[in-house]
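The primary structure of each chain is shown beneath.
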Amino acid sequence: MAYISLYRKWRSQNFDEIVGQKHIVQTLKNAISQKRVAHAYLFCGPRGTGKTSIARIFAKALNCKDGPTPSPCGKCDNCVKVRDGHAVDVIEIDAASNRGIDEIRDLREKVRYVPVEGRYKVYIIDEVHMLTSEAFNALLKTLEEPPEHVIFVLATTEASRIPVTIESRCQRLDFSRISLDEVKDHLKKIAEEEKFQIEEKALDLIARNGEGSMRDSVSLLDQLASYAGNTITVDNVVDLLGCADEELLFSIANSIAQNNVAELLQQLREAIDKGRSAVQILRDLIMHFRNILLLKFKASEALELTKEYLVKLETQAAIFEVEKVKKIIHLLSRIELDMKWHPHARLVLEVGLLDVLENTVPTLPPVIQKIETKTFVTIDSSPAQVAHSPLFNKVKELWGEILEKVKKKSLYGFVSLHEGEPVEITNDGKLIISFRKGYSFHKERLLEAKNKSSVEEIIKEVLGTAISIDCKIENSEKTTKPQVTIDTVKDIFEGEIV
Ligand SMILES: Nc1ncnc2c1ncn2[C@@H]1O[C@H](COP(=O)(O)OP(=O)(O)O)[C@@H](O)[C@H]1O
Ligand SMILES: [Mg+2]
Ligand SMILES: [Zn+2]
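These figures come from a predicted structure and were not determined experimentally.

Cut-off values and rules
Residues numbered from 1 in each chain as written. Chains lettered and ligands numbered in written order. Predicted model: local features only at pLDDT ≥ 70, side-chain atom pairs only at ≥ 80, totals over all residues. Heavy atoms only, no water. Helix = DSSP H or I, 4+ residues; strand = E, 2+ residues; numbered from the N terminus. Contact = heavy atoms within 4.5 Å. Areas by Shrake-Rupley, 256 points an atom, 1.4 Å probe, with all protein chains shown as cover. 1 Å grid on protein atoms, 1.4 Å probe; cavity = no way out; pocket = protein on both sides within 12 Å on 5 of 7 lines; lining within 4 Å. Points joined across faces, edges and corners; volume = space filled by probe spheres on them. Nonpolar A, V, L, I, M, F, W, Y, C, P; charged D, E, K, R; others polar. Near = heavy atom within 4 Å. Polar contact = N/O pair within 3.5 Å; in protein donor to acceptor, adjacent residues only side chain to side chain. Buried < 20%, exposed > 50% of the residue type's maximum accessible area, 1.4 Å probe, protein only. Pairing = 2+ DSSP bridges. Axes fitted to C-alpha atoms, helices over the stretch in contact; angles between N-to-C directions. Salt bridge = Lys/Arg side-chain N within 4 Å of Asp/Glu carboxyl O. Core = buried A, V, L, I, M, F, W, Y, C linked by side-chain atoms within 4.5 Å. Domains from an automatic or database assignment.

Draft legend 1. Representation of the overall build of the protein within the structure. Per the secondary structure count, the protein includes 22 helices and 10 strands. When contacts within the protein are restricted to residue pairs at least 6 apart in sequence, those whose partners lie at least 24 apart make up 75%. If you sum the accessible surface of the protein, you get close to 24500 Å²; carbon and sulfur atoms cover 50% of it.

Right under this line is the structure:
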């Protein structure tokens, strides 16, 4: 049997299965039972909130053998045909794919014929705002003198693009986004029926990600099931979305609060190594600070968050001042703009976040902590312990100072240099900086004339000897254990080593 996507399999088949949209369901049910059905309805609202589903249920309700009834049987020929999309009297037109006047002209012709199987001909015109102006005019003519047996349901995600002339002939019903709890409950029900095991936090994240669109949330659940199988964890969701998980957001925000560069870069590196996208991390971070800001203004009702999350967020919000949060959001949005034009989102993010640190005063005194040394890659596949020249040893020893000074001179140079490791001085006197595989953009960035000469100037300044630099990419996957010798590197960061 062909696989049916969950959102189609779980399309609500009667009014009682619809989640949320209470006033709309009530209005339509009443219209039917009181025999006061309007000739045209305009369904407005975000995608995936039930417009098409309700339109079809409404069509069933009107044409059910037992009807018109607010509770169509779902079993008679008419109901079944609507469900399967075979009902000749229920005509769905997708204005987004059938733009133009032909379709509507055709409609004007056919609208006059009486229904074949049911009582009403129901025209469901989806994304109606996409119609051309001629098509709108043609539709208007029909709406002005609708035949008794015809009912229109116009659906749109962009109500503002519907001509007033059209809107004024319809009864308008506004669909709202579905609340987090309602989405979660629905997902839970589906998961139970489908025999998925799913973590509560995973449900949370899926629902939050759907932003009130049931379709998006159900589709995500579907993707997760094919990605992770029947047991779905929050890590699966994070992996699939490439989004920043809760922990990452809180810890980055902490590093910002503490002005801790080393931690911050470390967190980013780990996240990106795990496959998170820089673009998504930034987007999530902006949302995170937006949430903090809303909390600061006591607007937490506006946030759809679980209690537990809210408590965590409140704790974090307490360490930021409002002005600082605003500034951070402002700076983060600027990074977002920069990213649009720059091929290396990651670099922009790193530089941008350093910028955030430099432009916001620390909220707390810098943390005194031992920062974990990053794992370096060695170039030699032969065992370490290669004898290095005294000059190279000096470079290693003063590397922290070099980085520190480069940071003041060129942020881009610094971020790239920070990702690399000095590995040797060649026989012809070049200092080789090695980058891990996949980091060639840092290498290229560092070798750009401006950055390269900045770094070389600093090296000369610090060592008293001019050395030119070159870069290479480590191509073996082999990594060695962390080297503790580069603790000095960490000295440059705001944290102190104890
Ligand atoms: N209010 C809702 N209650 C239950 N399921 C919904 C609801 N809204 C959307 N869905 C789910 O999302 C899918 C798409 O919904 P649809 O009615 O086509 O949304 P729209 O037309 O507003 O974009 C449905 O098949 C159903 O699985
Ligand atoms: Mg639809
Ligand atoms: Zn029926």
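After that view, the rundown keeps rolling.
Draft legend 2. Spatial organisation of empty space enclosed by the protein. If you walk through the whole model with that rule in mind, you get three cavities of 30 Å³ or more. Size it by volume and the second largest cavity reaches roughly 40 Å³. As for the second largest cavity, its lining consists of Asn63, Asn78, Val82, Ala87, Asp89, Val90, Glu117 and Gly118. For the lining of the second largest cavity, the residue count by class is three nonpolar, three polar and two charged.

Draft legend 3. Quick peek at the site of ligand 1. Contacts to ligand 1 come from 18 residues, most closely from Tyr7, Gly48, Lys51, Thr52 and Ser53. Within the contact set of ligand 1, an oxygen atom lies 3.4 Å away from a backbone nitrogen or oxygen of Trp10. For ligand 1, the protein covers 98% of the area, taking 550 Å² as the surface of the free molecule. Mapped by element, the contributors of at least two residues to the shell around ligand 1 are helix H3 (51–63) and helix H10 (214–228). Here the shell around ligand 1 takes three residues from H3, the largest share from any one element.

Draft legend 4. Summary view of the environment of Gln197. The residue Gln197 is located in strand S6 (residues 197–198) in this model. Judged by its relative accessible area of 53%, Gln197 falls in the exposed class. Not counting residues within four places of it along the chain, the set of residues in contact with Gln197 comprises Asn230, Thr231 and Ile232.

Draft legend 5. Up close: the sheet that holds strand S1 (residues 40–44). With parallel pairing, the five strands of this open sheet are ordered in space as S2-S3-S4-S1-S5. At either end of the open sheet lies a strand with only one pairing partner, and these are strand S2 (90–94) and strand S5 (171–174). Shown here is a sheet whose adjacent strand axes are inclined to one another by a mean of 15°, direction ignored. Looking at chain direction, S1 and S5 are connected through four bridges and run parallel. Residue pairing across strands places Phe43 opposite Leu173, the latter belonging to S5. Together, S1, strand S3 (121–126) and strand S4 (150–156) form the strand contacts of helix H6 (residues 133–144), whose direction differs from that of S4 by roughly 140°.

Draft legend 6. Broad picture of the pattern of salt bridges. By the definition in use, this model includes 31 salt bridges. Measuring nitrogen to oxygen at the nearest pair gives 3.5 Å for the salt bridge that ties Glu246 to Lys201. Taken together, the residues Glu246 in helix H12 (residues 246–257) and Lys201 in helix H9 (residues 200–210) connect sequence positions 45 residues apart. Notably, a salt bridge pairs Arg436 with Asp273, separated by 3.5 Å at the nearest N-O pair. Taken as a pair, Arg436 in the loop between strand S9 (430–435) and helix H20 (440–447) and Asp273 in helix H13 (residues 261–273) lie far apart in primary sequence, 163 residues in all. Members of the salt-bridge network, linked through shared partners, are Arg269, Asp273, Arg346, Glu350, Glu419 and Arg436.

Draft legend 7. Examining the nonpolar core more closely. Residues Ile256, Ile281, Phe289, Phe320, Leu332, Leu353 and Leu431 are the most contacted members of the largest nonpolar core, which totals 72 residues. Counting the residues that make up this core, at least three belong to each of domain 3 (246–359) and domain 4 (390–491). Excluding residues within four positions of it along the chain, Ile256 makes contact with Leu264, Phe289, Phe320, Lys324, Ile328, Leu353, Val356 and Leu357. Counting 27 residues, the second largest nonpolar core, distinct from the first, contains Leu28, Ala31, Ala38 and Val90.

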